[in-house]
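# Secondary and tertiary structure notes
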Amino acid sequence: MFEGLRKQLASFLAPASQKRATAQRMYSMAKASRLTGSWGNSTTSEDNELTTSLTMARNRSRSLVRDAAYAKRAKLIIQNNVIGSGINMQAKVKTTRGAFNDLINDDIEETFEEWCQASHCHMGRSLHFADLERQLIGQVFEAGEIFVRFHFTQLPESSIPLALEIIEPERVADQLQPSPGVSSATVRLGVEIDEFCAPLAYWFRTLHPGDLMPLRPQTVSRLERVPAEFIQHLRIIDRWPQTRAIPWMHTAARKLNDMDGLTEAEITAARAAACYMGIIETPAGDASFGEEQEDGSLQMELEPAVVQRLAAGEKFNSFSPNRPNAQLDPFMRMMLREVAAGVGCSYESLSRDYSQSNYSSSRLALLDDRDLWRVLQLWFIRSFRQRLHKIWLQQAVLAGAIQSINVQEYAANPRKFEAACFKPRGWSWVDPTKEVNAYKEAVRCGFTTNSAVIAATGDGRDLEDVLDEREAELEQMAEAGLQFDTDPNVPSAAKETAKNPADPALPTAPSADPSGDAGTDPTVQTAENMLKNVGGFHGGSR
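Residues numbered from 1 in each chain as written. Predicted model: local features only at pLDDT ≥ 70, side-chain atom pairs only at ≥ 80, totals over all residues. Heavy atoms only, no water.

### A short note on unusual backbone geometry
Residue Pro-241 is bonded to the preceding Trp-240 through a cis peptide linkage, with omega at 5°. Summarising the element assignment, Pro-241 is placed in the loop between β8 (231-235) and α7 (253-274). The backbone of Arg-125 sits at a positive phi, close to 55°, despite the residue not being glycine. Along the chain, Arg-125 turns up in the loop between α5 (118-121) and α6 (129-142). Taking relative accessible area as the criterion, Arg-125 reaches 48% and is therefore assigned partly exposed. In this structure, Leu-189 is a non-glycine residue whose phi angle is positive, near 55°. Among the secondary structure elements, Leu-189 is positioned in the loop between β4 (186-188) and β5 (191-193). The exposure class of Leu-189 is buried, given its relative accessible area of 7%. (Helix = DSSP H or I, 4+ residues; strand = E, 2+ residues; numbered from the N terminus. Buried < 20%, exposed > 50% of the residue type's maximum accessible area, 1.4 Å probe, protein only.)

As structure tokens, then:
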């Protein structure tokens, strides 16, 4: 007993160096070593990081889009696939019996299409609504965010008191700190927020800080507080709370800048390699030729098809750099794959280089890209189009622009008239024959519908648009007296005959029975098939 107590007391009183080290289990990514010394380990919020990085990151992103080809290409990919030629709207107002009210729906769609003109919807009267949508998603990519202000004013050519203004993030007063007593709310990065970080108002500069000159002489930039109900702030939120947003290319920007510098250096080296150079070694005495330079050296220019004779003891050493670099292409492909991963699209879409993939891998990459585009399309519809539609419809009804809607009925039940679906662009088939047959079988089995297929492939059209076009097309064919195999009135046998017409050069088997009953005899049918096969073989070998 006393021996155990003595050992415990000795262990307690022993120096720290003699104590056994206790192993501690931990994740490898959390271990500190000389190899992980530069790995960031700060505990900061998203807004804290944006405070120190937002302005510089936005300026560098804009510089890349201006000057780097792949950055410009990435922006076009996002605009073309998310917005394309524009997101269409289809009104879905129903009657009390549950049927679609075609009169009201057509009136809403026609009025909205008219409002989409640049002179109606844009405060600058320069952007059609589809072009405005492309600008918005492009700025979300390039600057990380964009602001849309709703002006409830009626432009001269419009019948609806609503127009949109695009406000770049540079106009937001990032460093604003309100004077004590002016506002009790918190202002963070130019956005006035409540205790849950919900926006209450936005503080904008009336003039762009980097503009060339004021639009009007003697105009001084001032700050303007705009309530949040007049602003739509478009940004992709990565962490919450997050007041502002970083540019889309923040993970790939350094790689793009390095690629730009590398290609410039390689081009410079290749230009130097195209100029043949050399060095003449001479004995201790004077050189036999050459013009003296300011630094005392002697230089001469080489002329084509001229052989210069050297003096005794002189030696010519040629200088020929190994350019272009044969390893540049695989290295640039590796860098570009990392850039594509940071942007979110496939390497093939970003580089337009399909030499490194086969059909199957390219198709998988394309389908994976389309999944991202659909997510972004739905985000854009939820974040902008749905809210805009409610505001636009209210202004249009109250202004009397949609005459088929009674104002009192709308005021009593606005949600009834706000029913609508938005139709973003779709994509054509990669392998039309196989995919059309697959869609046909899926519709036939009830796994999907014609509306879903058209929405996925119709480039913004829906079933109603296709049926209207098809009806008008068939009427025109009938008036012209034309009939094609796509006409539903043409029997199936005639369609197959039109697809596979009989070759008059092929011999046909004579009928053994003039009455036509021989066609049911299996022996006769077998003989006829054999004759057809033999005739087809000889006919194809001529």
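Having put the structure on the table, let's press on.
### Examining the sheet that holds strand β3 (residues 163-167)
Spatially, β3-β2-β8 is the arrangement adopted by the three strands of the open sheet, whose pairing is antiparallel. Bordering the open sheet on either side are β3 and β8, each of which pairs with just one other strand. Averaged over all pairs of adjacent strands, the angle between strand axes in this sheet comes to 25°, irrespective of strand direction. As judged from the five bridges shared by strand β2 (residues 145-151) and β3, these two strands associate in the antiparallel manner. Of the residues in β3, the one forming a bridge with Arg-149 is Glu-165. Relative to β2, α6 is tilted by about 145°, and along the sheet it contacts β2, β3 and β8. (Pairing = 2+ DSSP bridges. Axes fitted to C-alpha atoms, helices over the stretch in contact; angles between N-to-C directions. Contact = heavy atoms within 4.5 Å.)

So far we have only geometry, and geometry alone does not tell us how the molecule works.
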